Amino acid sequence: MDFTQAMQYIEEKNKLGQRPGLERIKELLLRLGNPQDKIKCLHIAGTNGKGSIFAFMQDLLMEAGCSVGRYISPTIFCYLERFQINGKYIDEDAFARAITRVAEKAKDMEKDGYMSPTAFEIETAVAFLLFLEAKVDFSLVECGMGGLMDGTNVISNPYMTIMAQISRDHMQFLGDTLSKIAYQKAGIIKKNGICVCAPQADEVKAVIKNTCEEKNTRLYCVNSSDINIVDTDIEGSRFLYKGEEYFISMPGDFQIINAVTAIEAAMQIGNRTEADKNVNMKAINPDIIRKAISGTKWLGRFTVVRKNPYVIVDGAHNEAAWISLKNSLHKYFTNHKFIYIIGVLRDKEYHKMVDIIHDTMKYAVTVTPDNARGLENTVLSELIAAKGVETVTADNNRDAMEKALTKASEDDVIVVCGSLSFIDAYIMPKRIP
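Residues numbered from 1 in each chain as written. Predicted model: local features only at pLDDT ≥ 70, side-chain atom pairs only at ≥ 80, totals over all residues. Heavy atoms only, no water.

1. Topic: the overall build of the protein
Heads up, the condition is: Think of it this way: any DSSP run of H or I at least four residues long counts as a helix, any run of E at least two long counts as a strand, and we number them from the N terminus. Only protein chains enter the accessibility calculation, which uses a 1.4 Å probe; a residue is then buried when its area is under 20% of its type maximum, exposed when over 50%, and partly exposed in between. Contact between two residues is taken to exist if any of their heavy atoms lie within 4.5 Å; hydrogens are not considered.
Assigned secondary structure in the protein consists of 14 helices and 17 strands. For the protein, the spread of C-alpha atoms along the three principal axes comes to 55 × 55 × 40 Å. Taken over 433 residues, the protein has a buried fraction of 57%. Counted over contacts in the protein with a minimum sequence separation of 6, partners at least 24 positions apart contribute 73%.

2. So, the environment of Lys337
Along the chain, Lys337 turns up in the loop between α11 (319-332) and β14 (338-342). The spacing of Lys337 and Asp359 is 22 residues in sequence and 8.2 Å in space, taken between C-alpha atoms. If we ignore the near neighbours within four places in the chain, the residues touching Lys337 are Asp359, Thr360, Met361, Lys362 and Asp412.

3. Brief notes about the packing of helix α1 (residues 3-14) against helix α4 (residues 92-111)
Heads up, the condition is: Helix axes are fitted only over the stretch in contact, all axes being lines through C-alpha atoms; the angle between N-to-C directions runs from 0 to 180 degrees. Here the word oblique covers every angle except those under 35 degrees (roughly parallel), over 145 (roughly antiparallel) and from 65 to 115 (roughly perpendicular). The hand of a helix crossing depends on one turn: near helix anticlockwise from the far one by less than a right angle means left-handed, and clockwise means right-handed. Under the grouping applied here, Gly and all other residues not named as nonpolar or charged are polar, the nonpolar ones being Ala, Val, Leu, Ile, Met, Phe, Trp, Tyr, Cys and Pro and the charged ones Asp, Glu, Lys and Arg.
Running from N to C, α1 and α4 point in directions that differ by 45°, and their axes come no closer than 9 Å. As the angle between them shows, α1 and α4 are arranged oblique. Two packed elements cross with a definite hand, and for α1 against α4 that hand is left-handed. For the pair α1 and α4, contact is made by Phe3, Ala6, Met7, Tyr9, Ile10 and Lys13 and by Glu92, Phe95, Ala96, Ile99, Ala103, Ala106 and Glu110, respectively. Each residue belonging to the contact of α1 with α4 can be placed in one class, and the counts come to 10 nonpolar, no polar and three charged.

4. Digging into empty space enclosed by the protein
Operational definition: Here a cavity denotes grid points, spaced 1 Å and computed from the protein atoms alone, that fit a 1.4 Å probe unable to get out, and a pocket denotes an open set having protein on both sides within 12 Å along at least 5 of 7 lines; residues with an atom within 4 Å of a point are the lining. Grid points are joined across faces, edges and corners, and a volume is the space filled by probe spheres set on the points.
A full pass over the atoms with the stated rule returns one cavity of 30 Å³ or more. In this structure, the largest cavity occupies an estimated 40 Å³ of space. Surrounding the largest cavity, Asn157, Pro158, Tyr159, Met160, Thr161, Ile189, Lys190, Lys191, Gly193, Ile194 and Thr217 form its lining. Its residues placed into classes, the lining of the largest cavity shows five nonpolar, four polar and two charged.

5. Observations regarding the sheet that holds strand β6 (residues 160-163)
Backbone-to-backbone hydrogen bonds join strands into a sheet, with any given pair of strands oriented parallel or antiparallel. Rules: Whether two strands pair comes down to DSSP finding at least two bridges between them.
Here we have eight strands laid out as an open sheet, ordered β4-β3-β2-β5-β1-β6-β7-β8, and mixed in their pairing. Each edge of the open sheet is held by one strand with a lone partner, namely β4 (88-89) and β8 (218-221). Summarising the sheet, strand β3 (residues 83-85) and β4 pair through two bridges and their orientation is antiparallel. Note on β4: the bridge partner recorded for Ile85 is Lys88.

6. Overview of the packing of α11 against helix α12 (residues 350-357)
For the pair α11 and α12, interaxial distance at closest approach is 10 Å and the crossing angle is 20°. What the angle tells us is that α11 and α12 run roughly parallel. When you trace α11 past α12, the crossing you get is right-handed. Only Tyr350, Lys352, Met353, Ile356 and Ile357 of α12 make contact with α11, whose side of the interface consists of Glu319, Trp322, Ile323 and Lys326. By residue class, the composition of the contact of α11 with α12 is six nonpolar, no polar and three charged.

7. Things to note about the sheet that holds strand β9 (residues 227-233)
Spatially, three strands are ordered β9-β10-β11 in an open sheet, and the strand pairing comes out antiparallel. Edge positions in the sheet fall to β9 and β11 (244-248), since each has one partner strand and no second. Between one strand axis and the next, the sheet turns by 15° as a mean value, whatever way the strands run. Taken together, the six bridges between β9 and strand β10 (residues 236-241) define a ladder with antiparallel strand orientation.

That is the geometry; function is a separate question.
Below, the structure written as structure tokens:
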């Protein structure tokens, strides 16, 4: 296949939707020689913060002299954004070669009576092949949803597992309590490993601790008491962790939590690699950490994309993220009311989102995400209008931004949120001022 044919193949497989279970992906990887077990994988699960933690981790490991592969979803700018090596998207030819190999094995599976792998399972296999071919030192792999039954949960011996903060999301698949959700997320923890955990609610921490004890895995928990915020504003935050001072250019208290989780993970990797002669990297120390994380960017997470008026993009799509977004807006823009551009997926708790943030709204523009699960903008608009907020619908992102800017003065703040599924290069330029 060439790149065009490869993309047509993926588009066709996307029609299969989501299918639970690991049988297909395990069989596919077995026929490919289990590439996932021939590379050093850092595997992360959680509800919020996975992408930010791995953005910090990528920069930390690269600063330490390592080559780093990264597999992410969803993407904003283009399809190949999901396969990255040292921060650069994989090229079209490499992707086409990898997907050709995977497609051949998938076809053989179907001949042998197996169901076809889904698009996500195929992409996961492609990522492992690309990282093995590139001989990266570390591969950063994010769970798509959950953990136990997630398509990425095929790594038999991860170099490290990481637990980002866990809250309520995907309840129809993962369970209706935090403990049930945590159990699914903790499913990526393997025997005799290392797990680094972000600060969690007590019931979540208990599940992770019990899982690690059952698996004889060493657990390193980030304690909020070890974090002291020195100062924070829309340009970033300065904080202390275990007595060392650091600065990050991403605003929001939640990004401090994500940064500290990455710092703790990097420190534990540094401790392990001192005895691992197969990894050639600089010693992880506060100076390397400071240099690496000060410039880390992760677009779409309380990202300022414009000033005068401010335009902030935040992919908040669940209860904990909406609360965090509201808190950040109040912190950095006290006593403001905000102009919103909002798009959501219909399987999210969008009623709860409106309940949480409607009192911060001056005006709202709703869009329908270009996604099979996208909620119609008219439905969302009616829900917001019922709260007494002036609301209009938009045909597309350009129309939405024009309507928001027409309504805004230089002192106003436009907030784009609800889901990353409708964010594109028009809303989120690659070059941020």
